[in-house]
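Coordinates in review
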Amino acid sequence: MYNFEQANKMWGDRGDDQTKDAPKTEYEDVPDGNYIVYVDKVAWKTSRANNMYLSWQLRVLKGDFEGRCIFKQSMCTSPENMRFLSQDLRAIGVEPPSKLDELNLEKLLDHAMEVRQYTKESDRGSFTNIYFNKRLGTRNDIIMAGPSGPNVGERYNDEDMPF
């Protein structure tokens, strides 16, 4: 037999009402839009389906969501995926190597860029895409530019999306 008396007391003391207004953590999703970010972490990973991908953790540098993270996965399962990864590398100013295993992940860190996060709803659920718009230098370049530094504008609308 279970002792619910103590469990019920703890359940009543759990403080759900206090967490409603709790500050957002760095890992909560940011809404769709354009952001100035830098590459905070990057690593090769393998999906549950045993597919290799490059995992990007991008940290927002400016605006209402400063300090929050945006996550991007560059899948490596098709020539089209490889083309997208190559375009992303060039967008941040890194020349793609002749072989993927020669990619120096440390050289990707601290690159600052403007990105667009866009969520697409479909019959199979929602999918979030992260597009690297343009390179802005390094994280320090953006920090040194201060509040008058590069701003993110509305460069796209939903009609511009290819799907």
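Residues numbered from 1 in each chain as written. Predicted model: local features only at pLDDT ≥ 70, side-chain atom pairs only at ≥ 80, totals over all residues. Heavy atoms only, no water.

Turning our attention to helix α3 (residues 79-91). Its 13 residues place the ends of α3 18 Å apart at the C-alpha level, agreeing with the 18 Å of an ideal helix rising 1.5 Å per residue. Turning to α3, its buried residues number three or more, namely N81, L85, S86, D88 and L89. All buried residues of α3 lie within an arc of 160° about the axis, which places them on one face of the element. Once α3 finishes, G93 follows within two positions and takes phi at roughly 90°, a positive value. (Helix = DSSP H or I, 4+ residues; strand = E, 2+ residues; numbered from the N terminus. Expected span 1.5 Å × (residues − 1). Buried < 20%, exposed > 50% of the residue type's maximum accessible area, 1.4 Å probe, protein only. Arc of directions from axis to C-beta.)

According to the stated counting rule, one finds 5 salt bridges in the structure shown. Notably, a salt bridge pairs R139 with D110, separated by 3.3 Å at the nearest N-O pair. Remark: D110 occurs in the loop between α3 and β4 (111-122) and R139 occurs in helix α4 (residues 139-145); sequence separation between them is 29 residues. According to the relative accessible area criterion, R139 is partly exposed, its value standing at 28%. (Salt bridge = Lys/Arg side-chain N within 4 Å of Asp/Glu carboxyl O.)

Side chains of a nonpolar character, in soluble globular proteins, are inclined to be buried together. Core analysis: the biggest nonpolar cluster contains 22 residues, and W56, L58, I70, L108 and V115 have the highest contact counts within it. At the level of elements, β1 (33-46), β2 (52-60), α3, β4 and β5 (125-138) are the ones that each hand at least two residues to this core. Filtering out sequence-adjacent residues up to four positions away, L58 remains in contact with V37, Y38, V39, D40, R68, C69, I70, M113, V115, I130 and F132. I36, Y38, L61 and A112 belong to the second-largest nonpolar core, a separate cluster that totals 5 residues. (Core = buried A, V, L, I, M, F, W, Y, C linked by side-chain atoms within 4.5 Å. Contact = heavy atoms within 4.5 Å.)

A sheet is described by the order of its strands in space; here 5 strands give the open sequence β3-β2-β1-β4-β5, paired in antiparallel fashion. The outermost strands of the open sheet, each flanked by one partner alone, are β3 (69-75) and β5. For this sheet the average axis-to-axis angle between neighbouring strands, irrespective of direction, equals 40°. Across 7 bridges, the pairing between β2 and β3 is antiparallel. Paired with L58 across the bridge in β3 is I70. (Pairing = 2+ DSSP bridges. Axes fitted to C-alpha atoms, helices over the stretch in contact; angles between N-to-C directions.)

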